[in-house]
Structure formats: C-alpha cells, structure tokens
Amino acid sequence: MTDPISDFLTRVRNAVKANHKVVEAPGSKMKQEITKILFEQGYILAYKFGTDAKGHPTIKIALKYHPETKTNAIKGLKRISRPGLRRYAGAAEMPRVLNGLGIAIVSTSKGIMTDKKARQENVGGEILCYVY
C-alpha cells in the first residue's frame, strides 16, 4: 500500500456514507494521532486502540450521529497531501477550512495538530487532510 493515511480516511468516509456505527482500520502512530484529534474536535464518539490476531495494531472508531437529525458529525473528509504531491504550508499561510467551520490536520515538527493550534504555536508543516 502506497498511502495508508488515505486508506484510513477512505474507510472512515465509506463507513459514514453507509451509516455504520463502528469502523475498524489498521493502526499506526500517525493514524492514532489523527483519531485522537477527531475525538477531541467532536467528530467521532469514541475510539479504541488494540491488536488483531496476528499482533498488528488496529483502531476501532465509533462514529458520531446527531440524534434528532440522524446525520453524521463528519460531513466531509478530504486528503490533501499525498505521496505524489506533498502540500506544505507555513504558519502564516495555514489554510482555513470552510472559513473556520472545519479543521485541517497538519503534521508539524511539534507533532500532529489542527490548523488552529499550529497557528497559535507559529509552526508550519504538511497538510494531511481537511475534516468538516
């Protein structure tokens, strides 16, 4: 697999469109950090890190739905930087997703964080994905 982050985001996106309650994906440290950010920002209900029968890391994510409208909290999930075309941004030109309604997940020298936190800490980095 050439792009495991894109595979992870596609699994979550497909589960959202199919109205699944739980999605399971292979795990890695970067995917765990992305999952933690999604939880902190309120896009998912819960998550659990574990291992499968062969000892490979896995991530189970409980998707969040609004009870009154039965719509998912994640409206869109878009991969920005990919192996064929890396996208970088400095602290000054950090993108705003939907004019501040969404988040951009950025890989910086201080770890993986949201675009807002990267602006506060005045660091730039690789823009992994947009979530809205």
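Above this text you will find the structure in question.
Parameters at a glance
Residues numbered from 1 in each chain as written. Predicted model: local features only at pLDDT ≥ 70, side-chain atom pairs only at ≥ 80, totals over all residues. Heavy atoms only, no water. Helix = DSSP H or I, 4+ residues; strand = E, 2+ residues; numbered from the N terminus. Rg over C-alpha atoms; globule rule 2.2 N^0.38 Å. Buried < 20%, exposed > 50% of the residue type's maximum accessible area, 1.4 Å probe, protein only. Contact = heavy atoms within 4.5 Å. Lys, Arg positive; Asp, Glu negative; His and termini not counted. Charge placed at Lys NZ, Arg CZ, Asp CG, Glu CD. Patch = residues over 30% accessible without salt bridge, like charges linked within 9 Å, V, L, I, M, F, W, Y side chains within 5 Å. Areas by Shrake-Rupley, 256 points an atom, 1.4 Å probe, with all protein chains shown as cover. Salt bridge = Lys/Arg side-chain N within 4 Å of Asp/Glu carboxyl O. Expected span 1.5 Å × (residues − 1). Arc of directions from axis to C-beta. 1 Å grid on protein atoms, 1.4 Å probe; cavity = no way out; pocket = protein on both sides within 12 Å on 5 of 7 lines; lining within 4 Å. Points joined across faces, edges and corners; volume = space filled by probe spheres on them. Nonpolar A, V, L, I, M, F, W, Y, C, P; charged D, E, K, R; others polar.

**Q** Can you help me understand the overall build of the chain in this one?
**A** Secondary structure assignment for the chain yields three helices and eight strands. Reading the secondary structure of the chain in the N-to-C direction produces α-β-α-β-β-β-β-β-β-α-β. Against the 2.2 N^0.38 benchmark of 14 Å for 132 residues, the chain shows a C-alpha radius of gyration of 15 Å, consistent with a compact globule. Oriented by its inertia axes, the alpha-carbon framework of the chain measures out at about 40 × 40 × 25 Å. Per-residue burial for the chain yields a buried fraction of 41% across its 132 residues. Restricting to contacts in the chain with at least 6 residues of sequence separation, those with at least 24 account for 59%. Side-chain charges in the chain split into 23 positive and 11 negative, and the spacing between the mean points of these groups amounts to 4 Å.

**Q** I would appreciate a short explanation of a nonpolar patch on the surface in the present structure.
**A** Nonpolar side chains collect at one region of the surface, where Leu98, Leu101 and Tyr132 lie side by side and expose about 320 Å² of accessible area between them. Overall, the relative accessible area of 31% leaves Tyr132 in the partly exposed class.

**Q** Which parts of the structure should I look at to understand helix α1 (residues 4–17)?
**A** Think of an α-helix as 3.6 residues a turn; residues three or four steps apart then line up on the same face. With 14 residues, α1 should reach 20 Å at 1.5 Å per residue; the first-to-last C-alpha distance of 20 Å fits that figure. Restricting attention to buried positions, one finds in α1 the residues Ile5, Phe8, Leu9, Val12, Ala15 and Val16. Within α1, the buried residues cover an arc of 125 degrees as seen down the axis, which keeps them to one side. Along its buried surface, α1 packs onto β1 (22–26), α2 (29–40), β3 (57–63), β4 (77–79) and β8 (125–131). One or two residues past the end of α1 sits Asn19, with phi positive at roughly 60 degrees.

**Q** Looking at this structure, how should I read the layout of surface pockets?
**A** Once rolled over the atoms, a probe with the size of a water molecule shows which space is left empty. Estimates place the volume of the largest pocket at around 150 Å³. Forming the walls of the largest pocket are Gln41, Tyr43, Arg96, Val97, Gly100, Leu101, Gly102, Ile103, Thr114, Asp115, Lys116 and Arg119. For the lining of the largest pocket, the element with the highest residue contribution is helix α3 (residues 115–121), accounting for three residues. Class assignment of the residues belonging to the lining of the largest pocket gives a composition of four nonpolar, four polar and four charged.

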